[in-house]
Every structure is written in C-alpha cells, then in structure tokens.
There are 4 protein chains.
Amino acid sequence: MAGNSFGQIFKISTYGESHGVALGVTIDGCPAGLSIDEAFIQSELDRRKPGQSAIVTQRKEGDHFEILSGVFEGKSTGTPISIMIRNKDQKSKDYSHIADKFRPSHADFTYKAKYGNRDYRGGGRSSARETVARVAAGAIAKTLLKESGITINAFVNQVGNIKLVTPDNQLDFSKIEDNIIRCPEEKTANAMIDLIKDIKKQGETIGGAIRCVIKNCPAGLGEPVFDKLHADLGKAMLSINAVKGFEYGSGFAAISMKGSEHNDKFISEGEAIKTTTNFSGGIQGGISNGMDIYFNIAFKPVATIMRDQQSVDVDGNEATVTGKGRHDPCVVPRAVPIVEAMAALVLADHMLRDRSVRL
Amino acid sequence: MAGNSFGQIFKISTYGESHGVALGVTIDGCPAGLSIDEAFIQSELDRRKPGQSAIVTQRKEGDHFEILSGVFEGKSTGTPISIMIRNKDQKSKDYSHIADKFRPSHADFTYKAKYGNRDYRGGGRSSARETVARVAAGAIAKTLLKESGITINAFVNQVGNIKLVTPDNQLDFSKIEDNIIRCPEEKTANAMIDLIKDIKKQGETIGGAIRCVIKNCPAGLGEPVFDKLHADLGKAMLSINAVKGFEYGSGFAAISMKGSEHNDKFISEGEAIKTTTNFSGGIQGGISNGMDIYFNIAFKPVATIMRDQQSVDVDGNEATVTGKGRHDPCVVPRAVPIVEAMAALVLADHMLRDRSVRL
Amino acid sequence: MAGNSFGQIFKISTYGESHGVALGVTIDGCPAGLSIDEAFIQSELDRRKPGQSAIVTQRKEGDHFEILSGVFEGKSTGTPISIMIRNKDQKSKDYSHIADKFRPSHADFTYKAKYGNRDYRGGGRSSARETVARVAAGAIAKTLLKESGITINAFVNQVGNIKLVTPDNQLDFSKIEDNIIRCPEEKTANAMIDLIKDIKKQGETIGGAIRCVIKNCPAGLGEPVFDKLHADLGKAMLSINAVKGFEYGSGFAAISMKGSEHNDKFISEGEAIKTTTNFSGGIQGGISNGMDIYFNIAFKPVATIMRDQQSVDVDGNEATVTGKGRHDPCVVPRAVPIVEAMAALVLADHMLRDRSVRL
Amino acid sequence: MAGNSFGQIFKISTYGESHGVALGVTIDGCPAGLSIDEAFIQSELDRRKPGQSAIVTQRKEGDHFEILSGVFEGKSTGTPISIMIRNKDQKSKDYSHIADKFRPSHADFTYKAKYGNRDYRGGGRSSARETVARVAAGAIAKTLLKESGITINAFVNQVGNIKLVTPDNQLDFSKIEDNIIRCPEEKTANAMIDLIKDIKKQGETIGGAIRCVIKNCPAGLGEPVFDKLHADLGKAMLSINAVKGFEYGSGFAAISMKGSEHNDKFISEGEAIKTTTNFSGGIQGGISNGMDIYFNIAFKPVATIMRDQQSVDVDGNEATVTGKGRHDPCVVPRAVPIVEAMAALVLADHMLRDRSVRL
C-alpha cells in the first residue's frame with residue numbers, strides 16, 4: 001500500500017519523477033469559494049526552485065505550473081484542484097554511468113530492493129524534486145489558512161556549527177527573504193553563506209537546521225490520541241528529503257528539565273487564557289492551545305558530493321561513484337518553503353478536521 | 001475527524017479513559033493463523049503497569065485483559081481482535097477539586113477548548129493510561145514480527161543529565177529488564193534510579209530519553225513519499241504522551257556533519273549488501289536498507305508535581321492547583337514498552353503494506 | 001487489508017463472532033456534547049434481537065449492552081464511544097457436526113478459502129449476529145441526526161410474492177412497529193406473517209424486501225464522484241447479510257422509462273426549490289436535493305433450512321448437512337432496524353463530511 | 001471531506017471537469033514491474049469516447065492521453081502512475097444560457113446547493129466526461145488482472161423494454177464489440193439500435209441496463225463485514241453517472257425464492273470445489289467462491305432531452321430549459337467500458353487487499 005497521499009480532509013496526492021514527463025499534485029478537499037492567486041503559487045515555487053542563488057544547485061528549471069481543474073472564475077469550486085509542473089528537457093541527459101550503481105546514502109539501493117526496478121534518472125521519485133508538488137499544494141493551504149489569520153514562517157537557524165541564537169520574539173521574520181540563506185539575522189546569515197561557499201569549494205556538503213513558527217493558530221486543533229497536532233507535524237517534516245530529526249517546544253532540552261521549570265503557567269489576558277512560558281510549543285495533549293507553535297528540524301548533509309566514493313553495483317561488485325552534476329551544497333535554503341508548505345498542509349487539514357467535533 | 005486509529009493494514013482503533021469503565025483496542029488486519037500467546041500479552045502489560053517499582057507511580061492497577069474476539073483455538077482468525085482492559089474501582093475517587101481548574105502543561109485546557117466539555121477524572125482520555133491499549137496491540141504486532149525474526153529493543157538512555165554513552169553494539173539488551181529504570185548498563189542505571197528517587201523526594205519530576213534499536217528488519221519497508229518508514233516511526237513516537245522530540249540515525253548531530261563524513265559506504269558481505277557505517281539509521285529514502293534501525297525519543301518531565309502551582313479555572317479566574325495523588329516522577333521506565341509497542345505496530349503495518357508492491 | 005470499519009468521519013469499527021466472548025463497536029468521530037439515551041439504544045437492539053416474535057428465530061439473547069467509554073455525565077465527550085454486547089453461554093453448544101462441512105450458500109467455504117481456518121461456531125464472524133454492533137452504533141447516529149430533524153423509516157414491503165403497493169405518502173409509518181413483520185399496512189402485514197408461518201412449517205425459508213424512506217435530509221449531502229450519497233447507501237445496504245440488490249428512486253424501473261417521463265421538474269415552494277415528481281429518489285448527481293430519499297433492498301432466503309442437503313466437507317468429500325437449530329424463516333422483520341442503522345450511519349457521516357466544503 | 005478517490009491499495013484519485021483544461025487520474029498502488037500497453041489504454045478510451053457511432057453523442061473528442069509518471073522503460077515502477085487527458089477547445093462554447101438555470105434531473109441544483117458556486121460549462125465535474133479518467137485507470141487494473149487470468153465482460157442486456165434473455169453461458173462475449181450497442185446477440189442488438197434511433201428522432205432519451213460477468217476470479221477476495229466484494233462492486237457501479245440500481249447473483253428475483261431453490265449445492269470437481277447452481281453470483285458472505293461473478297446495473301434515461309422543459313433559475317424564478325447540444329439518447333453503449341473499468345478497479349484492489357490475510 002503506497003504512500004503518496006497526505007492529509008485526511010485537505011488531502012493531497014502527488015506524482016512525478018525527477019526526469020519524468022511532469023510532476024504534480026491533486027488536492028481533494030479544498031473548500032469551495034477560495035480565491036486562488038496564481039502569482040502567489042508561482043512565488044512559492046520560485047522560493048524552492050533550483051538556480052535561484054549562488055549557494056544552491058545551478059540547475060535551471062523554471063517550475064512553471066498549470067492548474068488543470070478545480071478552479072473556475074478564479075475560485076476553488078470544491079472539486080479536485082490539480083496542478084501540474086512539466087519537466088523541461090527531461091530526456092536530454094545520460095544517466096547510464098549511474099544506472100547500475102548504488103550511490104552512498106541515496107535511495108538507489110532501497111528503491112531497487114523494494115520495487116525491483118528503478119528510474120535511475122536523477123533519482124526518479126526519490127529526488128527532492130518531488131517536493132515541488134508539495135510547495136504548490138502548500139500555497140493553496142496557506143491561502144486557506146490566511147482566511148483565519150494563521151501565519152507560518154520557517155527560517156534557517158543552523159548550518160554546520162553556525163547557529164542563530166536570538167529568541168523568536170526578537171527576530172523580524174520579514175527579513176527572512178532578505179538573504180539567500182533565509183536566516184532573519186544578517187550577520188548570522190552571512191556567516192552561513194560563507195560557510196556554504198567554502199563547503200562547495202571543497203566539493204563537500206553540509207547539514208543544517210530549520211525552525212518554523214506558526215502564529216495565530218486557534219486553540220483546539222489536533223486529534224488525539226494518534227493524530228496529535230505535533231505528531232502530524234512531525235510526520236510531515238520527517239517525510240521531507242534529508243530530514244533526520246524533529247522537536248517541538250522544549251524538544252530534546254526537556255530531557256534535563258524539572259517539572260517545575262517546564263510547566264507553563266496559565267494566566268488570563270482579557271478574554272483569553274494564555275501561558276507565561278511556552279515550553280509546550282503551543283500544543284498540549286496533542287491539541288493547540290493558542291500560543292505560538294514552533295519546532296526545529298534537522299537536515300543531513302546532501303549525499304551527492306563532488307568526490308569519488310567507493311560503493312557497489314547492483315550485482316554487489318565494487319564500483320566507484322564519481323561526483324558530478326549540479327547539486328546543492330546545503331539543502332536548507334531551498335527547504336524553507338517546503339517546511340512551510342508541509343506545515344500549512346497539516347494545519348489546513350486539522351482546521352477542517354476540527355469542524356466535526358461540534359454538534 | 002477524530003484520530004484514534006493507527007496503521008493502514010495492521011490497523012488499530014483504541015478507546016477508553018483513565019477512569020472510565022474500560023480501555024481497549026481492536027486490531028483489524030492481523031493475518032489469520034498467528035498463534036496468540038496470552039501470557040506474553042500480560043507480560044507486556046506488566047512492564048507498563050503502575051506500581052511495579054519504587055520509582056514509578058504507586059497506583060495499583062492489575063491491567064488484566066480479556067480477548068473479546070478474533071482468536072479461536074489459540075490462533076488469530078483474520079477477523080478483528082478486540083482486547084479489553086477493565087478499569088478497577090473507577091468511580092471511587094473525588095475529582096471535584098480539579099474539575100474546574102486547568103492544571104499547568106496538562107491537556108485540561110486544550111481538551112476543554114476543543115470538545116467543550118471534558119472528562120476530568122484522572123485526565124480522561126488524555127491520560128497516559130490510554131497507552132495500555134497500545135501495549136496490548138503491540139504485543140500482537142511483536143508476535144507477528146517474530147515470525148520474520150525482527151526484534152525491537154527500547155531502553156532508557158538518559159534521565160536528566162545522566163546519559164548512557166556506550167555504543168549500541170557494546171550493550172547487552174538482555175540486561176534491559178534487570179533493573180527498574182530499564183537501562184542495560186548497571187552503573188548508569190543506578191545513577192538514574194538515584195536521581196529519580198531524589199527528584200521524587202523534592203516533589204518534582206524530571207525528563208528523560210529512550211533509545212530504540214530494531215534488528216533484522218528486511219530491506220524494502222517504507223512507503224515514500226509521505227509514509228516513509230522513519231516518518232511513520234516518528235509520528236508513532238510523537239503520539240506517545242510527553243514526547244517532545246524524535247531523531248533517527250545521525251539525528252540532530254547531522255546538522256554539523258559533512259557529506260563525506262555522513263555518507264554510509266556500501267559493501268558486499270556474502271550475498272548481502274551492507275554499509276560500513278550507519279548514520280542513515282537503517283533507512284534511506286524512507287525505506288529500510290537492512291541495517292539496524294535506531295532512534296531516540298525525548299520525554300518532558302511529568303506535568304503533575306507535588307507542589308502548589310498558580311493557574312486559572314474555566315472562567316479565567318486565578319486558581320491554585322495543589323499537587324496530590326500518586327504520579328510518576330519520571331515517565332521513561334514505564335514508557336519503554338510503549339515505545340516498543342508503537343515501533344512494532346509501525347513495522348507490522350509496513351511489512352503488510354510492502355506486500356502489494358510486487359506483481 | 002481488512003474491512004471491519006465503516007464511515008470516514010463518523011467512523012465505526014466492529015468486532016465479534018456469533019459465539020465468541022462479545023461483539024461490539026467503537027465509534028470514533030461522534031461530535032462532543034450529544035446526549036446519549038441508553039434506553040433508546042436498548043430499544044433499537046430489542047427490535048433486532050432474536051426471539052422477539054413467532055416468525056423469527058427462537059434463540060434467546062438478551063443483547064444487553066455496556067458503554068465502555070466516550071460518554072461522561074450522559075453526554076458524548078468527543079472521544080471514542082465503545083459499546084460492548086457480551087454473548088451469553090457462548091461455549092455451551094456442540095458444533096462439531098458442522099466443523100468440517102460447508103453448508104450450502106453460507107460463508108463456510110469462502111471463509112475457509114480466505115482465512116485458512118474458521119470459527120465454525122454459529123458462523124463465527126459471518127453470522128448476522130455481527131449486525132448487533134451496527135444497530136448499537138446506528139442508535140447513536142440516529143440520535144445525532146435527530147438534532148437536524150432527519151428521520152429514517154424502514155419497513156418490509158415484500159415477502160415472497162406478497163407486496164406492499166401503497167405509495168409511501170399514503171402510508172402511516174407510525175404503524176410499522178404495530179405488527180411483527182414491520183409492514184405499515186395491516187392487511188398486507190397479516191398476509192406476510194401467514195406466509196412466513198407456512199414457510200416455517202415446511203422447514204423452508206423465503207426471501208423478502210425492505211424499503212427505506214429518509215425525510216428532512218437537507219440538500220447538499222454526498223461527495224461525488226465516488227462517494228455519491230446513493231453509492232454509499234448502496235454499499236451500506238449491500239454489506240448487510242443476505243442482501244442481493246439495491247435500487248434508489250426509480251431504480252430498475254428506470255430502464256424502460258423515457259427522459260421526459262423520468263425528469264423531475266423543479267418548482268419554487270416559498271423559499272425552497274422542490275421537484276414535482278421524485279424519480280431521482282432525493283439524490284441528483286450523488287448529492288441530496290432536499291426531497292425524500294428512498295430505496296429498496298432485496299434479501300435472499302435464509303440459507304439454513306430444516307432439511308438435509310447434499311454438500312462437501314473440507315476435503316472435498318460428499319457430506320450431508322442436516323438442518324437443525326433455531327433460525328429465521330425470513331430475515332426481513334429483524335433486518336428493518338439494521339437497514340435503518342446503516343442508513344443513519346451513512347447520513348451521519350455525510351452530514352459531517354459536508355462541513356468541510358465551505359470556507 | 002471530498003470523495004474523488006477510490007480503492008484502498010490499488011487507489012485512484014481523479015480530477016477534471018467537462019470543459020476544464022484536462023481530466024486525469026493518479027493511480028497510487030499499482031505493483032512495480034507491470035508492462036504498460038499504451039495502445040490498450042487508448043483502445044479502452046476509444047470504446048468510451050463520444051462520436052464513435054450513430055447512436056451516441058456526436059461530439060468529437062479524441063481523448064488522447066499522456067502518461068505523466070510512474071512508467072519507466074515500459075513498466076510500472078511502483079510509484080504513482082498519472083494519466084492526463086487534455087480537453088480540446090474547452091473555452092469555445094457559450095454556456096451563458098444555462099449558467100443560472102437548473103436543468104431537470106441534472107446535478108445543477110445540488111452542486112449549487114453544496115458548493116455555493118458551480119462550473120456550469122457542460123456540467124463541470126458532474127458530467128459523465130469525468131469517467132474518462134476511470135476508464136484510463138481501469139485499463140491499468142485490467143492489465144494487472146490479466147496476469148491472474150481474470151476476465152471482465154460487460155454488455156448491454158436491456159434498452160427500454162427490449163431485453164436480452166439468453167443465459168450467459170450461451171452467449172459469445174467475443175461478439176460484444178461487433179455492434180454499436182455492445183450486445184452479444186445480433187438480433188437483440190439490432191432491435192435495441194432501432195429503438196434508440198427512434199428515441200433520438202423523438203428528441204427523447206431512454207434507460208437501459210448492463211450486465212457484467214467476471215470469470216476466473218479466485219476464491220477468497222472480499223473483506224467482510226463492510227467491504228464485502230459485492231458491496232464494493234455495488235458502490236463502484238452506483239458511483240457511475242445515471243445508475244439507479246445494482247443487483248448481483250439472484251438479485252431482486254431472490255425476494256420470491258425459497259431457501260431450497262436458492263441454495264447453491266457444493267460439489268467436488270477434481271481438486272476444485274464448485275457449486276451446481278450459482279444464485280450466489282460467485283460471492284458468499286462477501287467473499288468470492290471461484291464461480292462466475294455477475295451483476296446487473298440499471299441506468300436511467302439521460303436527463304438532457306431535445307425539448308423545452310419548465311424549471312427554475314437560481315433565484316427560484318420560473319425558467320425554460322431548452323434542449324440543445326449533442327447528447328447521448330441512451331447511455332448504455334458507452335457505459336459498457338466504464339462498468340468494466342470500475343469492476344476491474346474493485347477486483348485489482350481486492351486482489352491486493354487479500355494479500356495481507358496470510359502470515
């Protein structure tokens with residue numbers, strides 16, 4: 001039973017390979033009457049697309065999309081919204097040198113083990129190119145969330161050992177897009193960019209981290225006991241290529257905290273009930289409590305390096321995998337819109353799921 | 001749309017509240033002909049039950065189960081297996097002192113916000129007592145996995161600042177159950193136990209971490225792009241009460257690693273293809289590669305402390321929550337079988353899901 | 001992948017065998033705050049239970065239920081509602097004479113073919129006793145629908161060749177429960193009862209039909225293109241034991257009708273838009289239009305007859321199946337509440353599903 | 001929660017409107033390694049396409065498809081197979097005369113009631129043009145079933161009052177495609193064709209029926225208690241535009257049969273166990289028994305007639321709907337491949353679902 005759908009009510013199904021004819025997504029469950037802004041969808045795709053800056057892969061893909069269905073006179077009709085991104089020149093390149101080899105820490109070996117055969121052109125379905133469909137769908141989800149005032153901001157908060165340490169509430173999220181690494185603090189951003197440039201020169205790659213902050217999420221979203229809001233966010237993030245870890249609120253730091261330190265005290269603020277601290281990360285018992293939701297995601301270094309590596313071929317014989325092509329030295333700058341898209345898909349789904357709890 | 005089911009093919013539905021009539025689980029999708037060992041199910045429940053040692057809650061619950069369906073002459077029939085654990089004396093206690101107050105960092109406020117009303121007796125459905133149903137179902141999943149030789153071992157690897165640092169391959173997992181903290185290294189275990197006893201005396205609670213190692217998982221399990229094996233494991237773990245973070249393989253450490261360090265080299269070992277290192281954590285591209293799968297889970301300190309805390313009541317008025325009752329000073333010793341159960345449920349499901357990929 | 005769940009949002013999972021420990025259902029997705037009337041649930045179970053009249057099986061089963069979870073202080077909490085019906089004396093009887101034989105037109109052969117083994121006691125899971133769980137869940141669904149004014153009435157409209165021909169709008173549905181066959185027209189009811197008594201004397205069984213009429217269903221329920229309202233109603237009815245056919249609106253009579261005859265003309269009636277005829281059966285394009293929904297269901301004669309029948313055993317050898325035990329000579333009187341329950345489950349689910357279509 | 005997906009393991013998601021940019025389907029769950037024959041897919045689409053004969057709509061649509069993903073070097077890869085059929089000249093026509101009116105017995109009114117707005121061009125998503133995606137997916141499902149020797153043949157067995165009465169086993173299914181009505185008996189076929197031509201001249205439409213026979217289905221398919229094989233077949237058929245009824249095996253005729261007549265006697269035939277009669281329609285207890293599966297489907301007359309009809313507009317005012325355009329006078333000839341496609345999708349799904357029942 002395959003796993004190319006995500007969400008229960010705001011549900012997406014994606015398809016497409018790195019070098020196939022097209023990639024795409026069908027959203028089944030977008031409410032009717034939503035204004036669909038094509039320029040916004042394109043701007044989200046542009047944030048993800050290759051070739052946008054000096055620190056990402058220099059492949060050129062326009063990532064132009066076409067809405068095939070579900071939108072009439074500028075609004076969603078309540079029927080499936082299908083969006084297609086056609087690959088350009090997908091047949092031009094020769095992949096025969098890699099067809100029979102397993103690249104280290106790629107999905108070559110596991111796809112072969114599972115499916116018996118594989119589309120070796122650029123990683124086929126295992127390529128992060130697949131996420132273009134998520135970003136397109138996420139743009140629709142963001143549009144839906146905007147109606148409720150919910151905002152989602154992701155940003156790079158670590159590359160290698162360079163960390164952003166400023167607290168969220170002292171950051172200006174409007175500056176995230178001001179630099180090519182997508183870190184809202186200029187000085188840290190520059191250090192990260194320098195590191196990546198240096199890593200790239202070495203023919204190397206480096207890991208990184210993204211932090212995501214969701215504001216104005218109403219209390220009540222999340223479906224215990226299995227579909228807790230943070231569990232679905234966690235799954236969404238872990239499903240993104242290269243992600244190795246997820247933590248929300250206090251996260252791994254909670255391990256060494258005491259209950260009296262960690263407990264968030266409730267207070268009244270006008271009509272609202274808030275907490276004085278937010279170690280809970282805006283979620284208690286798997287349900288949002290109205291405070292900011294925030295989480296961190298760890299990304300491994302990209303597996304493709306510009307060096308020769310020893311490996312084996314499909315017959316188990318030793319083989320050398322040579323590093324070539326145009327690849328990202330660090331995945332996080334382009335992963336920022338993907339993280340936001342997946343967060344938006346989770347929230348849009350839970351917003352609709354929550355509707356059935358009331359008489 | 002509620003979220004009390006887990007799994008797609010080996011699918012469980014759970015029910016029950018802390019102080020309701022009973023808790024239980026129905027497994028729909030267990031293959032027919034599996035020998036069901038009731039003693040094993042009970043032994044798993046016993047590992048989770050309250051009152052088992054000096055460092056866990058002293059509540060007394062027998063947690064005896066009854067199989068209501070799906071097993072005939074000792075074997076699964078292929079029809080739903082329903083297991084019920086009846087609560088004892090669930091009506092005896094007075095919870096009126098807590099009925100209108102929101103305990104800090106509990107789910108009281110969010111359940112009220114979501115459902116309008118709540119069963120305040122012992123936390124109702126938000127209580128970790130809910131996990132008894134998961135452990136019962138997990139015992140069946142483990143039985144199924146055993147047929148394929150897959151083993152799952154979880155253990156406590158951190159309490160507060162006390163860490164187990166020995167590599168997995170130098171640990172003797174058969175010693176996990178030798179001490180009440182469930183850490184396979186005696187010296188570290190004793191230090192953890194001492195810490196928890198001290199924390200308890202303070203009326204405090206403390207966070208902790210659990211590590212889980214899965215051996216003999218065949219290559220090929222996992223369903224990209226959304227239901228990657230680690231994404232489903234992550235969701236499963238994050239759905240457990242008090243969990244704040246999940247990482248697999250290199251996890252958060254990958255952030256500061258380079259590609260050449262992190263890549264796991266393939267080598268042939270007889271017929272098999274293996275990797276020389278295992279930063280991938282046994283999973284590449286969301287699919288198991290036959291190496292050990294391992295992951296870490298962070299747990300926050302239990303929210304119930306034996307101290308008075310300032311909070312608010314349902315009307316937003318200030319209110320004092322007094323600490324009383326019998327609660328765990330640290331959740332991890334009893335969470336070990338829960339982690340294993342959830343891991344087993346994910347693997348059993350993916351083992352069955354994988355069957356449809358072949359002609 | 002097993003099939004013991006029904007519904008998407010108002011979702012039920014059932015379990016249990018004819019002669020197992022218990023049967024039951026867990027409803028996940030009932031909105032919070034619904035008043036649960038235990039007497040009503042029991043009254044619905046009583047309409048289905050064996051031994052209630054001279055024309056049904058004389059087995060004695062009390063069918064007392066116990067609510068295990070999800071209801072607090074008389075109201076649904078939004079967490080799973082689990083209802084259990086314990087079997088009485090399930091171990092008392094000897095089924096060895098049937099254990100190795102395939103009874104004609106029962107599910108003995110197919111269960112063996114599918115599952116490898118089977119619980120032969122009273123048909124195990126294939127027994128219509130399974131429907132007790134549906135009726136319990138249906139009682140909750142009816143309670144939910146009542147809030148919206150939706151009413152569901154099923155009645156027997158044919159037994160053998162004896163048909164009820166009076167149009168729905170001339171029938172008094174309050175008379176359905178006035179006789180043991182559950183036909184709202186006394187004279188026809190008596191003829192049906194006489195026929196069944198005669199059939200029973202012959203050691204025979206006879207087929208029958210049930211008609212169901214749903215009033216006050218708002219326009220807008222149904223989810224094209226696959227989950228059309230009538231398609232889900234059809235599946236629900238076809239999933240009931242012994243059902244061989246389903247038609248709604250004009251049904252099979254539509255085959256020989258012309259477009260001009262069949263089309264239902266729209267007219268305005270005050271604020272509402274209605275149709276002058278209702279060949280559509282209250283559903284157009286898979287979505288309710290606000291008119292009465294009605295459909296017919298065909299039931300085959302019960303397979304257990306009080307006569308010897310030639311058959312084969314599990315080894316393919318000839319074997320005689322002797323007719324004994326206490327069985328229904330005609331299934332329709334007891335199937336009336338089952339039909340209503342399944343219709344209620346479909347409508348409750350679609351009522352909640354429809355909520356996500358709007359911004 | 002929308003309903004544009006079908007199937008659990010062999011799962012399809014469809015999209016597209018009659019006059020939108022494109023229609024399509026994504027199949028998630030087709031096993032890897034299946035040879036995909038594009039010519040066969042086209043031939044199936046051609047059986048459904050408009051303009052193929054004198055008795056169907058004269059609209060001209062080529063229905064050329066494009067495979068966007070999931071097939072590599074002629075074989076399925078195990079990743080989603082996405083197939084798109086682009087609409088030609090979809091913007092050319094003026095639909096303003098119908099935009100504000102509710103055509104009798106169309107889905108205009110109910111779509112408006114549900115979604116608030118609607119795509120009125122040619123019926124939008126409610127148009128039977130939607131089924132082109134089903135036929136494309138069904139061609140892949142048929143290809144999969146062929147590997148197991150399962151064959152599916154549907155044919156027209158009634159138009160108006162003209163019925164095919166010859167038993168299945170005396171029919172030659174290879175003759176189905178010999179005439180434009182798709183009835184395997186020449187004489188009856190000609191009478192049906194004449195009737196439809198006459199109906200068309202009257203500006204009228206007429207109902208009809210299709211029968212489907214599935215051969216070589218192994219025993220064991222079907223998932224009680226809700227996803228019985230015939231229940232899923234029934235839902236599949238009822239989800240097709242214009243279908244009003246479904247019966248399998250004895251169907252509605254069972255109502256007046258006795259148990260002794262209806263019971264299918266088991267006999268041994270070599271290694272196999274078969275039945276001497278087949279009133280069960282190849283399915284017992286919701287599971288296939290290895291005998292032929294057969295069922296009948298009733299279609300209503302097409303709602304669009306070439307006559308003026310009184311109706312109302314969106315404001316409830318009286319309005320005249322004028323008959324124009326090119327429409328089918330009878331839906332059944334083009335529905336034959338749609339019925340086969342839906343049957344193939346159900347069987348392919350159940351074949352894969354059945355795999356998880358064994359250890």
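Residues numbered from 1 in each chain as written. Chains lettered and ligands numbered in written order. Predicted model: local features only at pLDDT ≥ 70, side-chain atom pairs only at ≥ 80, totals over all residues. Heavy atoms only, no water.

What chain A contains, in helices and strands, is 7 helices and 18 strands. The C-alpha radius of gyration of chain A comes to 21 Å, within 12% of the 21 Å expected for a compact globule of 359 residues. With respect to the principal axes defined by its C-alpha atoms, chain A has extents near 65 × 50 × 35 Å. In chain A, which comprises 359 residues, the share counted as buried stands at 68%. Counting only contacts in chain A whose residues sit at least 6 apart along the sequence, the fraction spanning at least 24 positions is 69%. (Helix = DSSP H or I, 4+ residues; strand = E, 2+ residues; numbered from the N terminus. Rg over C-alpha atoms; globule rule 2.2 N^0.38 Å. Buried < 20%, exposed > 50% of the residue type's maximum accessible area, 1.4 Å probe, protein only. Contact = heavy atoms within 4.5 Å.)

Glancing now at the relation of the copies chain A and chain B. For the match of chain A to chain B, the screw axis carries a shift of 0.0 Å, the RMSD comes to 0.0 Å, and the turn is 180°. Both copies of the chain, as the preceding transformation shows, are related through a two-fold rotation axis. Take the interface residues of chain A: 100% of them recur as interface residues in chain B, which is what a same-surface contact looks like. (Least-squares fit on C-alpha atoms with pLDDT ≥ 70 in both.)

This part covers helix α2 (residues 108–115) of chain D. Burial runs high along α2 of chain D: 6 of the 8 residues are buried. Among the residues of α2 of chain D, those classed as buried are Asp 108, Phe 109, Thr 110, Tyr 111, Lys 114 and Tyr 115 of chain D. On its buried side, α2 of chain D packs onto β12 (266–269), β13 (272–275), β14 (283–284), β15 (287–288) and α8 (332–354) of chain C. Directly beyond the C-terminal end of α2 of chain D, a positive phi value near 85° is found at Gly 116 of chain D.

Under the counting rule described, the total for this entry stands at 34 aromatic pairs over all chains. Measuring from centroid to centroid gives 5.4 Å for Phe 6 of chain C and Phe 226 of chain D, while their planes differ by 40°, and the two rings are tilted. One end of the pair, Phe 6 of chain C, is in strand β1 (residues 5–6); the other, Phe 226 of chain D, is in the loop between β10 (208–215) and α5 (229–238), on a second chain. In this structure, Phe 6 of chain C and Phe 226 of chain D share a single accessibility class: buried. (Phe/Tyr/Trp six-rings, centres within 6.5 Å; stacked < 30°, edge-to-face > 60°.)

The subject of this paragraph is the side chain of Ser 105 of chain A. Looking at where Ser 105 of chain A falls in the secondary structure, it is placed in the loop between β7 (81–86) and α2 (108–115). Excluding residues within four positions of it along the chain, Ser 105 of chain A makes contact with Lys 300 and Ala 303 of chain A together with His 262, Asn 263, Asp 264, Phe 266, Ser 280 and Gln 284 of chain B.

Taken together, the contact between chain A and chain B spans 109 residues of the former and 109 residues of the latter. Taken together, chain A and chain B are joined by 8 salt bridges. We note a salt bridge from Asp 354 of chain A to Lys 114 of chain B, for which the minimum N-O separation is 2.7 Å. Across the contact surface, chain A and chain B share 63 residue pairs in polar contact (both at pLDDT 80 or more). Examined bridge by bridge, strand β11 (residues 243–248) of chain A and strand β11 (residues 243–248) of chain B share 3 bridges and lie antiparallel to one another. Bridging across to β11 of chain B, Phe 246 of chain A finds its partner in Phe 246 of chain B. (Salt bridge = Lys/Arg side-chain N within 4 Å of Asp/Glu carboxyl O. Polar contact = N/O pair within 3.5 Å; in protein donor to acceptor, adjacent residues only side chain to side chain. Pairing = 2+ DSSP bridges.)

Here we take up the pattern of salt bridges. Throughout the structure, instances matching the rule amount to 104 salt bridges over all chains. For the salt bridge of Arg 353 of chain A with Asp 232 of chain A, the shortest nitrogen-to-oxygen distance reads 3.8 Å. Of this pair, Arg 353 of chain A sits in helix α7 (residues 332–354) while Asp 232 of chain A sits in helix α5 (residues 229–238); the two residues are 121 residues apart in sequence, bridging distant segments of the chain. Look at Arg 353 of chain A and you get buried, because its relative accessible area is 1%. Overall, the relative accessible area of 9% leaves Asp 232 of chain A in the buried class. One salt bridge in this structure joins Glu 340 of chain D and Arg 47 of chain D, with 2.9 Å as the shortest N-O distance. One end of the pair, Glu 340 of chain D, is in helix α7 (residues 332–353); the other, Arg 47 of chain D, is in helix α1 (residues 38–48), with 293 residues separating them in the sequence. Each member of the pair Glu 340 of chain D and Arg 47 of chain D is classed as buried. Three or more residues joined by partner-sharing salt bridges are found here, namely Glu 44, Arg 47, Lys 142, Glu 177, Arg 182 and Glu 340 of chain A.

In this model, chain A carries a mean pLDDT of 95, and residues with pLDDT of at least 70 account for 99%. The complex prediction reports pTM at 0.98, with the ipTM value standing at 0.98. (pLDDT = per-residue confidence, 0-100.)

Relative orientation of the contacting elements α5 of chain A and helix α6 (residues 229–238) of chain B amounts to 160°, with a least axis distance of 8 Å. Compared by their axis directions, α5 of chain A and α6 of chain B come out roughly antiparallel. As for the relative orientation of α5 of chain A and α6 of chain B, their crossing is right-handed in sense. Contact residues: His 230, Ala 231, Asp 232, Gly 234, Lys 235 and Leu 238 of chain A in α5 of chain A; His 230, Ala 231, Asp 232, Gly 234, Lys 235 and Leu 238 of chain B in α6 of chain B. In terms of residue class, the contact of α5 of chain A with α6 of chain B is made up of 4 nonpolar, 4 polar and 4 charged. (Axes fitted to C-alpha atoms, helices over the stretch in contact; angles between N-to-C directions. Parallel < 35°, antiparallel > 145°, perpendicular 65-115°, else oblique. Left-handed = near helix turned anticlockwise from the far one by under 90°. Nonpolar A, V, L, I, M, F, W, Y, C, P; charged D, E, K, R; others polar.)

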